[in-house]
Amino acid sequence: MENWITNIMEQFGYIGIFMLIMLENLFPPIPSEVILTFGGFMTTYTKLSVFGLVVASSVGSVAGAIILYGIGLLLDVRRLEKIVEKWGSILRLTKKDIHKANDWFSKYGAWTVFFCRFIPLIRSLISIPAGMAHMNFGIFVLLTTLGTVIWNVVLINIGAAVGGAWGTIVGFMDMYSNVVYIVLALLLIVFAVLFIRKRVK
């Protein structure tokens, strides 16, 4: 997949990056870490600029988030579960992922949309419960844009700084993703234990 991604970016430049990042929001198996860090590396040997990449990737990300927000307006948890049952293996999603994103939004509200932009997989899914909750669209776009721009600026600049070693950064981002998943699993276990204790009392 990495070769396919890098080939599209080299052939189509900003438009390719826009399309890939938008698809990354809709199809989580496409890794934004590869797109953004390689994009940063491309600024060292092409006419592409860091600023242009940030704009193209941010617009693509927000566009994808808006599509998912719109899907959320049309769905409820049960319908979403049926979709995941049918297509979850392809989309790399499970029912737990859906409930996790929905629970986070229910508990922490609008700011979840901002902070979840830094969490792999959840960064895409969080737009759906935001739509399901009919979150104010202007606030949704604002918080999504802020979180997205920060994420994109960091990874693109890292890619530009390390140059040809951008693949090493992708490896570190994979480790980051795994650590995040472990932390989320531990938090889920803690919340479950606390909830059971309350019920028992």
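Below: a short report on this structure.

### Looking at the overall build of the protein
Looking only at helices and strands, the protein has 10 helices and zero strands in total. Taken from N to C terminus, the helices and strands of the protein fall in the order α-α-α-α-α-α-α-α-α-α. Within the span of the protein, comprising 201 residues, buried residues form 46% of the whole. Sequence separation of at least 24 residues holds for 76% of the intrachain contacts in the protein that already meet a minimum separation of 6. Surface summary for the protein: the accessible area is close to 10,700 Å², and the carbon and sulfur share equals 70%.

### Examining the packing of helix α2 (residues 32-42) against helix α9 (residues 137-162)
The geometry of α2 relative to α9 is characterised by a closest axis approach of 6 Å and an angle of 50° between their N-to-C directions. Classed by the angle they form, the pair α2 and α9 counts as oblique. Between α2 and α9 the crossing geometry is right-handed. Contacts between α2 and α9 involve Ser32, Glu33, Leu36, Thr37, Gly40 and Phe41 from the former and Trp151, Asn152, Leu155, Ile156, Gly159 and Ala160 from the latter. When the residues that make up the contact of α2 with α9 are grouped by side-chain class, the tally is six nonpolar, five polar and one charged.

### Examining the side chain of Asn152
With respect to the element layout, Asn152 can be found in helix α9. Leave out the neighbours within four places in its chain, and Asn152 touches Leu36, Val54, Ser57 and Ser58.

Conventions and cut-offs
- In this numbering scheme, every chain counts its residues from 1 along its sequence in written order.
- Owing to the predicted nature of the model, reporting of local features is limited to residues with pLDDT of at least 70; listing and counting of side-chain atom pairs is limited to 80 or more, with chain, interface and lining totals taken over all residues.
- Where side-chain values are given, they derive from all heavy atoms of the structure, hydrogens and water being excluded.
- By the criteria applied, helices consist of DSSP H or I runs no shorter than four residues and strands consist of E runs no shorter than two, each listed in order from the N terminus.
- Classification of residues uses two cut-offs on accessible area relative to the type maximum, computed with a 1.4 Å probe and protein chains only: under 20% is buried, over 50% is exposed, and between them is partly exposed.
- A contact between two residues is defined here by any heavy atoms of the two lying within 4.5 Å.
- Only the protein chains shown count as cover for residues, and all accessible areas are computed by the Shrake-Rupley method using a 1.4 Å probe.
- For helices, the axis comes from a line fit to the C-alpha atoms of the stretch in contact; other axes are also lines fit to C-alpha atoms, and the angle between any two N-to-C directions lies between 0 and 180 degrees.
- An angle below 35 degrees is treated as roughly parallel, one above 145 as roughly antiparallel, one from 65 to 115 as roughly perpendicular, and anything else as oblique.
- In this scheme the crossing of two helices becomes right-handed for a clockwise turn of the near helix relative to the far one and left-handed for an anticlockwise turn of less than a right angle.
- Charged means Asp, Glu, Lys or Arg here, nonpolar means Ala, Val, Leu, Ile, Met, Phe, Trp, Tyr, Cys or Pro, and polar covers whatever is left, Gly included.

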